[in-house]
Amino acid sequence: QGQLVESGGQLVQAGGSLRLSCTTSGLTLSDYHMGWFRQAPGKERELVAAIAWTESAHYAESVLGRFTISRDNAKGTVYLQMTRLKPEDTALYYCAGDRAWRAISTPHIDEIGLWGQGTQVTVSS
């Protein structure tokens, strides 16, 4: 019943920064654990960062120290702040949500209930 819409993706130079936003509607964000996933051409979809309703978070090793996930339940929005971007960060980035932490954090992608349509991030060298 809920909807997720990503925004903020664009072309950026390596070393630069970008902030992605995931706006939600038709749901109460505080009831959901949220995550950012990405998929590059020829690659499997992978978890980038996850944030629980408690605001506990974990990150893929490849982005640890560079990316920060946050949430604003009052605004119904989840963010991914990306810094020191690398060409290998180029991918379609998806926002996802589920009521079960394990679906997002493990992740069990096939169990995740809500997905956005994705926003493209392209990092040039």
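The coordinates are above.
All of these numbers come straight from a predicted model, not from anything done at the bench.

A.B. asks: Explanation requested: unusual backbone geometry in the structure shown.
C.D. replies: Both trends apply: most residues other than glycine have a negative phi, and most peptide bonds are in trans. In this structure, proline 107 follows threonine 106 across a cis peptide bond, with omega equal to -15°. Among the structural elements, proline 107 can be located in the loop between α1 (101–105) and β10 (114–115). Even without being glycine, glutamate 55 reaches a positive phi, approximately 80°. On the secondary structure map, glutamate 55 appears in the loop between β5 (46–51) and β6 (57–59). The phi angle at arginine 84 is positive, at roughly 50°, despite the residue not being glycine. Judged by relative accessible area, which is 48%, arginine 84 ranks as partly exposed.

A.B. asks: What is the right way to read the pattern of salt bridges from this model?
C.D. replies: When the charged atoms of two side chains with opposite charge come close together, those side chains can pair. Here the structure, examined in full by the defined rule, presents four salt bridges. Arginine 38 is paired through a salt bridge with glutamate 46; the nearest N and O atoms lie 2.9 Å apart. Among the residues examined, glutamate 46 registers a relative accessible area of 34% and is labelled partly exposed. Its salt-bridge partner being arginine 102, residue glutamate 111 comes within 3.4 Å of it at the nearest N-O pair. Glutamate 111 gets classed as partly exposed once you look at its relative accessible area, which sits at 35%. Overlapping salt bridges, with partners in common, bring together Arg38, Glu46, Arg66 and Asp89 in one network.

Thresholds, definitions, all that
- Residues numbered from 1 in each chain as written.
- Predicted model: local features only at pLDDT ≥ 70, side-chain atom pairs only at ≥ 80, totals over all residues.
- Heavy atoms only, no water.
- Helix = DSSP H or I, 4+ residues; strand = E, 2+ residues; numbered from the N terminus.
- Buried < 20%, exposed > 50% of the residue type's maximum accessible area, 1.4 Å probe, protein only.
- Salt bridge = Lys/Arg side-chain N within 4 Å of Asp/Glu carboxyl O.

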